[in-house]
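Structure at a glance
One-letter residues, chain by chain:
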Amino acid sequence: MKSPDGETRPRLPKAGTIQVVPSILSADFARLADELATVKAAGLEVVHLDVMDGHFVPNITIGPPVIARLRACTDLVFDTHLMITSPERYIDAFVDAGADHITFHIETCLRPLELIDRLHKMGVSAGLCLNPDTPVDQIEPFAAASDMVLVMTVQPGFGGQAFMPDAARKVITVRQLVGPQVRVEVDGGIDPQTTPIVVGYGADTLVAGNAIFGQADRIAAIMAIQAAASTCGRG
Ligand code: DX5
Ligand code: ZN
């Protein structure tokens, strides 16, 4: 995808291909460049960056300066998950820092179509996220304009929480809504046990934090999730 200044950015792989997307929230923050190199060595294309503001969610993580430093270390696609109030005030800073894809929460945004359009004009792809308690109809008018819908399968804010089966079932409705051209991502409690459930529902983008970076052998952990996805015939 080309931004208006002609710079070519890495982009999300085509929808429909299963992607395991490690969330660095559970990585060793003192060794982030090494962790990204391991993700790349595993053959993955995308990494998930969780941005929290201590306001929309009760936790604080990283912002544009850290993303800019990571950008210099890797060509992995940066799938940037903004768990922040007023995302429209900050997207320029995240794009300048090197985000390739930005997902914002529908709960935080009054004019989602405007934000999606701004992101596209900046040369990055756009995602809409639903909290576990937010019904799918909230995104109905905007989903087709987006590149990804993210269904939270935990309450956002922390890694290592238990998968919420009822929230995950919304993936079925989201997939029916967006068809095959838009990525459907799940985030929270994804591991080799829960992967076949969400892939069976139609998810093609599997964020995993603790299930990868909580394991000594990250590459084996990634392969275990890929193997679990392929048991559904879509890996
Ligand atoms: C939670 C974040 C997730 C988190 C998932 O608010 O959005 O990306 O890292 O962590 P796990 O996979 O450990 O549930
Ligand atoms: Zn996330």
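Provided above is the structure to which this section pertains.
Let me begin by describing the structure that accompanies this report. (Residues numbered from 1 in each chain as written. Chains lettered and ligands numbered in written order. Predicted model: local features only at pLDDT ≥ 70, side-chain atom pairs only at ≥ 80, totals over all residues. Heavy atoms only, no water.)

Thoughts on the sheet that holds strand E7 (residues 183–187)
Pairing within the open sheet is parallel, and its eight strands lie in the order E1-E8-E7-E6-E5-E4-E3-E2. Of all the strands in the sheet, just strand E1 (19–22) and strand E2 (46–52) have a single pairing partner and so form its edges. Geometrically, the sheet is characterised by an average inter-axis angle of 25° between neighbouring strands, direction not taken into account. Relative to strand E6 (residues 148–152), strand E5 (residues 125–130) runs parallel, the two sharing four bridges. Pairing of Leu128 across the sheet is with Val149, part of E6. The sheet strands contacting helix H4 (residues 112–121) are strand E4 (101–105) and E5, and the helix crosses E5 at an angle near 150°. The sheet contacts of helix H6 (residues 170–178) involve E5, E6 and E7, and relative to E7 the element is tilted by about 160°. (Pairing = 2+ DSSP bridges. Helix = DSSP H or I, 4+ residues; strand = E, 2+ residues; numbered from the N terminus. Axes fitted to C-alpha atoms, helices over the stretch in contact; angles between N-to-C directions. Contact = heavy atoms within 4.5 Å.)

Here we look at the environment of Pro156
Relative to the elements of secondary structure, Pro156 occurs in the loop between E6 and helix H5 (165–168). Taking the C-alpha atoms as reference, Pro156 lies 20 Å from Val66; in sequence the two are 90 residues apart. Apart from the residues lying within four places of it in its own chain, the contact partners of Pro156 are Val57, Pro58, Met83, His105, Asn131 and Pro132.

Quick look at the pattern of salt bridges
Where charged atoms from two side chains of opposite charge come close, those side chains can pair. Inspection of the entire model under this criterion finds eleven salt bridges. With a closest N to O distance of 3.5 Å, Asp34 and Arg31 form a salt bridge. With its nearest N and O atoms 3.5 Å apart, the salt bridge here joins Asp204 to Arg183. Note that Asp204 is positioned in the loop between helix H7 (195–201) and strand E8 (205–208) and Arg183 in strand E7, a separation of 21 residues in sequence. (Salt bridge = Lys/Arg side-chain N within 4 Å of Asp/Glu carboxyl O.)

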